[in-house]
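Residues per chain are reported as follows:
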Amino acid sequence: MLRIEIKEGENIERALKRYKRKHRNVKVMQNLRENQFFTKPSVKRRREIQKAEYIQNLRDQEEV
């Protein structure tokens, strides 16, 4: 559970911004979506490898 302590005299928009940042960093929604369906370990590993290859390819193109 996320808790945001509002300081005295703090603007509510600023507190909301802190809450949203914390919520995004905890990755609550991302974990819920990932665990909605079962994914085989081999498929997870394949996706990780594909993502790593894609990122490496982008970095290689950037160096050229």
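This structure is a prediction, so every number in the text was calculated from the model and none was measured.

Draft legend 1. View of the overall build of the protein. Tallying secondary structure elements over the protein gives 3 helices and 0 strands in all. Reading the protein from its N end, one meets helices and strands in the order α-α-α. Based on the C-alpha atoms only, the size of the protein along its principal axes is roughly 50 × 40 × 10 Å. Counting only residues that meet the buried cut, the protein has 5% of its 64 residues in that class. Looking at the protein as shown, the accessible area adds up to about 6,800 Å², and 51% of this sits on carbon and sulfur atoms. Within the protein, one finds 18 positive and 10 negative side-chain charges whose respective centroids are separated by 6 Å.

Draft legend 2. Inspection of the layout of surface pockets at higher detail. Quantified by volume, the largest pocket comes out at close to 180 Å³. Taken together, Glu-34, Asn-35, Phe-37, Thr-39, Lys-44 and Arg-47 make up the lining of the largest pocket. Tallied by class, the residues present in the lining of the largest pocket amount to 1 nonpolar, 2 polar and 3 charged.

Draft legend 3. Spotlight on the confidence of the model for the protein. Predicted confidence across the protein gives a mean pLDDT of 91, with 100% of residues reaching 70 or more. For the protein, per-element mean pLDDT is lowest for helix 2 (residues 28–34), which scores 87, and highest for helix 3 (residues 41–63), which scores 96.

What counts and how
- Residues numbered from 1 in each chain as written.
- Predicted model: local features only at pLDDT ≥ 70, side-chain atom pairs only at ≥ 80, totals over all residues.
- Heavy atoms only, no water.
- Helix = DSSP H or I, 4+ residues; strand = E, 2+ residues; numbered from the N terminus.
- Buried < 20%, exposed > 50% of the residue type's maximum accessible area, 1.4 Å probe, protein only.
- Areas by Shrake-Rupley, 256 points an atom, 1.4 Å probe, with all protein chains shown as cover.
- Lys, Arg positive; Asp, Glu negative; His and termini not counted.
- Charge placed at Lys NZ, Arg CZ, Asp CG, Glu CD.
- 1 Å grid on protein atoms, 1.4 Å probe; cavity = no way out; pocket = protein on both sides within 12 Å on 5 of 7 lines; lining within 4 Å.
- Points joined across faces, edges and corners; volume = space filled by probe spheres on them.
- Nonpolar A, V, L, I, M, F, W, Y, C, P; charged D, E, K, R; others polar.
- pLDDT = per-residue confidence, 0-100.

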